[in-house]
Amino acid sequence: MDLSLNKITHRYGDMLVLDEISLNIPDGEILCVIGPSGCGKSTLLRMIGGLERPDQGQVTQVGEVPQGCLNPLTFVFQDFALLPWRTVAGNISLVLEDHGLKGGEIDRIITDVLVRTKLSDFSDALPRQLSGGMKQRVAIARALAVNPAVMLLDEPLSALDAQTRELLMDDLVGLWARQPFTGVYVTHNLAEAVRLGHRIAVLSRRPGCIREVIEIDRPLTERRTGDPELEALQKRLWDLMREEALAADQELLNV
Ligand SMILES: Nc1ncnc2c1ncn2[C@@H]1O[C@H](COP(=O)(O)OP(=O)(O)OP(=O)(O)O)[C@@H](O)[C@H]1O
């Protein structure tokens, strides 16, 4: 399913947050969204996911959802959002129960997503027994369980240490390579953007508008951390953002 954003504009009170954001996200592509603090990245994601309505503009879903899709759009958040009293399988099961699925079908889906996220041995573990990286893999497994058309990821790796982030990036690429999904991935981390984005939308300081959309030709599976080409691109992104990022941080300090 493709997503099309047409002139998304939004205010909170008097504050213009998003200003005429237009983007196309083709089926099977990951779009990374970067921009200075407070420029409206998470707000944009919530609009795409239908959690909020823009004052002006539309988000349009074009095309069919995948077979067996229970939820066209699903979120993965930074803080994992797992129920602490439910096991790994129980957390995943919850979203399936919500859709009225029954025992056998639920078990089949849980087994499949646990294999895909390398969590099969942790089915009965409670969240408190898991590392941060594993918790986020559970949250990703839960998102995959509904077989979404689009995954909306809001800084999914930012609570994790550098090594775990590397591993999770590999996992996300592996998941995408096995079964390409459409994704919108909000991040502050430029290394994640150049590793995971087919395209990268660079937003301006608030009110967020599109400064540039950069396409990366190299297939996701052929990207490695430390690759000179990707590092050069990362530098280009930082040069584009640097002044506005510093100004936005200064503004937050002055609040
Ligand atoms: N529900 C809300 N009501 C009022 N203001 C809001 C609301 N949600 C966000 N904002 C404000 O809108 C602006 C954009 O917020 P948003 O979280 O979308 O930015 P962001 O780019 O994701 O920020 P960050 O990079 O710091 O995570 C901020 O000034 C924020 O304080």
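An unreviewed UniProt entry lists the protein chain under the name ABC transporter ATP-binding protein, from Phaeobacter gallaeciensis. Recorded under Sequence similarities (unreviewed entry), the UniProt text for the protein chain is reproduced unchanged: "Belongs to the ABC transporter superfamily."

Participant: Which residues make up the packing of aromatic side chains, and what values go with them?
Facilitator: Overall, the coordinates contain 1 aromatic pair when judged by the stated rule. Here the aromatic rings of F75 and F77 are separated by 5.2 Å at their centres, their planes lie at 5°, and the arrangement is stacked. Residue F75 is classed as buried on the basis of its relative accessible area, which comes to 16%. Assessed through its relative accessible area of 33%, F77 is described here as partly exposed.

Participant: How would you explain unusual backbone geometry if you had to name every residue and give the values?
Facilitator: Look at the link from R206 to P207: it is a cis peptide, with omega at 0°. Within the secondary structure layout, P207 lies in the loop between β8 (199-203) and β9 (210-215). At F80, a position not held by glycine, the phi torsion is positive, near 70°. Mapped onto the secondary structure, F80 falls in the loop between β5 (73-77) and α2 (88-98). Unlike most non-glycine residues, N147 shows phi in positive territory, near 45°. Of note, N147 is situated in the loop between α4 (132-145) and β6 (150-154).

Participant: Which residues make up the nonpolar core, and what values go with them?
Facilitator: Membership of the largest hydrophobic core comes to 52 residues, with the highest contact counts inside it found for I34, I92, I140, Y185, I200 and L237. Here the element with the most residues in this core is α4; it accounts for 7 residues. Residue assignment places this core across two domains, with domain 1 (2-64 + 148-254) and domain 2 (82-147) each supplying three or more. Filtering out sequence-adjacent residues up to four positions away, Y185 remains in contact with I30, L31, C32, V33, L153, P156, L157, L172, E192 and L196. Listed in part, the 25 residues of the second largest apolar core include L3, L31, F75 and V186.

Participant: Please provide a residue-by-residue account of the packing of α2 against helix α3 (residues 103-116), values included.
Facilitator: Contact pair α2 / α3: the axes reach a minimum separation of 10 Å and the direction vectors enclose 125°. Regarding the angle of α2 to α3, the classification is oblique. You can see that α2 and α3 cross each other, and the crossing is right-handed. Where α2 approaches α3, its residues V88, A89, I92, S93, L96 and E97 are matched on the opposing element by I106, I109, I110, V113 and L114.

Conventions and cut-offs
Residue numbers run consecutively from 1 along every chain, following the written order of its sequence. The predicted nature of this model means local features are confined to residues of pLDDT at least 70 and side-chain atom pairs, given and counted, to a pLDDT of 80 or more, with totals for whole chains, interfaces and linings taken over all residues. Excluding hydrogens and water, the side-chain values take into account all heavy atoms of the structure. UniProt positions are given in the numbering used here, feature names are shortened, and annotations may be inferred rather than shown by experiment. Two aromatic rings, drawn from Phe, Tyr or Trp (for Trp, its six-membered ring), form a pair once their centres lie within 6.5 Å of each other, and the interplanar angle then sorts them: stacked below 30 degrees, edge-to-face above 60, tilted otherwise. The buried label goes to any residue with under 20% of its type's maximum accessible area, the exposed label to any with over 50%, and the partly exposed label to all in between, with areas taken from a 1.4 Å probe on protein chains only. A run of H or I in DSSP becomes a helix once it reaches four residues, and a run of E becomes a strand once it reaches two; helices and strands are each numbered from the N terminus. By nonpolar core we mean a set of buried residues, namely Ala, Val, Leu, Ile, Met, Phe, Trp, Tyr and Cys, connected to one another through side-chain atoms within 4.5 Å. Domains are outlined according to an automatic or database domain assignment. Throughout, a contact is declared for two residues whenever any of their heavy atoms are within 4.5 Å. Working convention: axes come from line fits to C-alpha atoms, limited for helices to the stretch in contact. Angles between N-to-C directions cover 0 to 180 degrees. Put simply, angles under 35 degrees are roughly parallel, angles over 145 are roughly antiparallel, angles from 65 to 115 are roughly perpendicular, and the rest are oblique. Handedness of each helix crossing follows the sense of rotation of the near helix against the far helix: counterclockwise by less than a right angle gives left-handed, clockwise gives right-handed.

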